[in-house]
Amino acid sequence: MSTPEQNRELVLTAFDTLFGKRDYEAAQEFWSADYLQHSRHIPPGREGLFDLVRALPATLRYDNQLTVAEGDYVMAYGRYSGAGETASVVADVVRVENGRLTEHWDVWEDEATRAGSASGLPMFGDGFPPDRT
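Colleague: What exactly am I supposed to notice about the overall build of the protein here?
Modeller: The secondary structure content of the protein amounts to three helices and five strands. Counted from the first residue to the last, the protein has its helices and strands arranged as α-α-β-α-β-β-β-β. Here the C-alpha radius of gyration of the protein, 15 Å, is about what a compact globule of 133 residues would show, namely 14 Å. Seen through its C-alpha atoms, the protein measures out along the principal axes to roughly 45 × 40 × 25 Å. Each of the 133 residues in the protein was classed as buried or not, and the buried ones make up 40%. Put simply, 43% of the contacts in the protein that link residues at least 6 apart link residues at least 24 apart. Total accessible area on the protein is roughly 7700 Å²; 51% of this is exposed by carbon and sulfur atoms. Distance from the positive charge centre (12 side chains) to the negative charge centre (22 side chains) of the protein: 3 Å.

Next up, the structure:
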C-alpha cells in the first residue's frame, strides 16, 4: 500500500508525463487501463483522456500550485494554459489504486484575471497558497 506522499508524487509525475512531456507510451504506466473519468470535458477512459491531450495544441501547459493527498486520493490545484484564449484553473481529484491513477473528478473554470475579479485578487499565483510560516 502506498502512502499519501507517494500518491502525491505519482500524480504529479503522471501529469508531467502526459501534459508536459506528452509521452503517451510512458503515461500508460501511470493511468489504469480501467481508468474512470468523471468530467464533462474529457471523454471516458484512459484513451479518451489521451486523445483529448493529443488534440490540444503543443503549447498546452500545466502548472501545479497546490497538491493535497489523503489516503488513496490526491487533489491537485493547477492552471492549464496555452490551449485557448483563456487559461483554466482546475482542481483535479484523482484516486490512486495499486500505483496507478484509476479515477478522476474535476472542478474547472476559466481563470479570472486581477482586473476581472470582483475581489481584485487573482485566482492563481501571487501568494497562493499563502505562506503559513
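Colleague: Honestly, the nonpolar core in this entry has me stumped. Any pointers?
Modeller: With 24 residues, the main nonpolar core has Phe 15, Leu 18, Phe 19, Trp 31, Leu 49 and Leu 101 as its most contacted residues. Of all the secondary-structure elements, those providing two or more residues to this core are helix H1 (4–20), helix H2 (24–27), strand E1 (31–38), helix H3 (45–55), strand E3 (73–81) and strand E4 (88–97). Broken down by element, the residue count for this core peaks at six residues, all from H1. With residues near it in sequence (within four places) discarded, Leu 101 still touches Leu 10, Val 11, Ala 14, Phe 15, Phe 30, Trp 31, Ser 32, Tyr 35, Val 94 and Arg 95.

Colleague: Would you mind showing me how to read the sheet that holds E3 here?
Modeller: Whether parallel or antiparallel, the strands of a sheet pair through hydrogen bonds between backbone atoms. Strand order across the open sheet formed by five strands is E1-E5-E4-E3-E2, with mixed pairing between neighbours. With partners counted over all chains shown, the strands left at the sheet margins are E1 and strand E2 (61–70), one partner each. Adjacent strand axes in the sheet meet at a mean angle of 25°, parallel and antiparallel pairs treated alike. When E2 meets E3, the two strands line up antiparallel, connected through nine bridges. Bridged to Arg 61 within E3 is Ser 81. Running at roughly 165° to E2, H1 makes contact with E1, E2, E3, E4 and strand E5 (100–110) of the sheet. Here H3 sits on the sheet and contacts E1 and E5; the angle it forms with E1, its principal contact strand, is near 75°.

Colleague: Got a minute to help me understand the pairing of E5 in this structure?
Modeller: In regular strands, side chains alternate between the two faces of the sheet. In this structure, E1 lies alongside E5, joined through four bridges in parallel fashion. From the neighbouring strand, Leu 36 faces E5, where its bridge partner is Glu 103. As paired elements, E4 and E5 share ten bridges and run antiparallel to each other. Bridging across to E5, Ala 91 finds its partner in Val 107. Linking E4 back to E5 in an antiparallel pair, the connection comprises two residues, with Asn 98 at a positive phi of about 55°.

About the criteria used
Residues numbered from 1 in each chain as written. Predicted model: local features only at pLDDT ≥ 70, side-chain atom pairs only at ≥ 80, totals over all residues. Heavy atoms only, no water. Helix = DSSP H or I, 4+ residues; strand = E, 2+ residues; numbered from the N terminus. Rg over C-alpha atoms; globule rule 2.2 N^0.38 Å. Buried < 20%, exposed > 50% of the residue type's maximum accessible area, 1.4 Å probe, protein only. Contact = heavy atoms within 4.5 Å. Areas by Shrake-Rupley, 256 points an atom, 1.4 Å probe, with all protein chains shown as cover. Lys, Arg positive; Asp, Glu negative; His and termini not counted. Charge placed at Lys NZ, Arg CZ, Asp CG, Glu CD. Core = buried A, V, L, I, M, F, W, Y, C linked by side-chain atoms within 4.5 Å. Pairing = 2+ DSSP bridges. Axes fitted to C-alpha atoms, helices over the stretch in contact; angles between N-to-C directions.

That's the geometry; what it means functionally is another story.
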